[in-house]
Amino acid sequence: MTPEAIERGTSWLGKAGLRPTRQRVALAALLVGDGDDRHVTAESLFAAVKGTGEKVSLATVYNTLRAFCDAGLMQEVTVDGSKSYFDTKTHDHPHFFWEEDGRLTDAPADELQIAQLPKAPDGAEIASVDVVIRLRRS
């Protein structure tokens, strides 16, 4: 990891008031170190951090991703009710899920139109709307 990636990751953690532990900085640098947004699974991030030589367990990766989500640095996108992806772009936006290779990418938000949502049941309010558009090669 470059010093710039480490600095960007440390700054990203600081925005949320998270303590920059060695493991958090390593994961943050992989997630935002080059300035690009990412869609990762815990397993893909674990593989990436192992490739750097950093000692981090898969359980730590899961816990850290949850902490990043709780701090508002990432959002979790669940596909099929069981597979979770973690997105560094935190504003509401739609996603494409590529079935053949299990990849999640951003979909163009300006092309999505939701004309009406159902009324929330009494005593509830809509917190967010997640749109995942499943794709397969034609």
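For the structure, check the block above.
Let me sum up the structure you'll find in this document. Throughout, a residue's number is its position along its own chain's written sequence, starting from 1. Where totals are concerned, whole chains, interfaces and linings use all residues; where local detail is concerned, this predicted model gives features only for residues with pLDDT of at least 70, and gives and counts side-chain atom pairs only at 80 or more. Neither water nor hydrogens contribute to the side-chain values; these are computed over all heavy atoms in the structure.

## Some remarks on a nonpolar patch on the surface
Here's step 1: For patches, a residue must show more than 30% relative accessible area and have no salt bridge; joins then use 9 Å for like charges and 5 Å for nonpolar side chains, namely Val, Leu, Ile, Met, Phe, Trp and Tyr. Here the open area of atoms and residues is found with the Shrake-Rupley method and a 1.4 Å probe, where only the protein chains shown may cover a residue. When a carboxyl oxygen of Asp or Glu lies within 4 Å of a side-chain nitrogen of Lys or Arg, that pair is called a salt bridge. A grouping of Leu 112, Ile 114, Leu 117, Ile 126 and Val 129 is seen on the molecular surface, where their side chains present a nonpolar patch of about 380 Å² in accessible area.
Here's step 2: Residue exposure (1.4 Å probe, protein chains only): buried if accessible area is under 20% of the type maximum, exposed if over 50%, otherwise partly exposed. On the accessibility criterion, Leu 112 (32% relative accessible area) is partly exposed.

## Regarding the environment of Thr 10
Here's step 1: For Thr 10, the location among the structural elements is in helix H1 (residues 3–15).
Here's step 2: Looking at Thr 10, the relative accessible area reads 26%, which means it is partly exposed.
Here's step 3: Through-space distance from the C-alpha of Thr 10 to that of Val 129 is 30 Å; in sequence the pair is 119 residues apart.
Here's step 4: Setting aside residues up to four positions removed in sequence, Thr 10 forms contacts with Pro 20 and Val 25. Helix numbering and strand numbering both begin at the N terminus, where a helix is a DSSP run of H or I of at least 4 residues and a strand a DSSP run of E of at least 2. By definition in these notes, contact holds between two residues if any of their heavy atoms fall within 4.5 Å.

## What to know about helix H2 (residues 22–32)
Here's step 1: Of the residues making up H2, those classed as buried are Val 25, Ala 26, Leu 27, Ala 28, Ala 29, Leu 31 and Val 32.
Here's step 2: If you follow the buried residues of H2, they end up packed against H1, strand S1 (39–40), helix H3 (42–50) and helix H4 (58–70).

## Details of the sheet that holds strand S4 (residues 95–98)
The strands making up a sheet are joined through hydrogen bonds of the backbone, oriented either antiparallel or parallel.
Here's step 1: An order of S5-S4-S6 is seen for the three strands of this open sheet, with the pairing classed as mixed. Looking at which strands have only one partner, the edges of the open sheet turn out to be strand S5 (103–106) and strand S6 (132–135). With direction set aside, neighbouring strand axes in the sheet form an average angle of 25°. We call two strands paired when DSSP finds no fewer than two bridges between them. Note on definitions: angles span 0 to 180 degrees between N-to-C directions of axes, and those axes are lines fitted to C-alpha atoms, for helices only across the stretch in contact.

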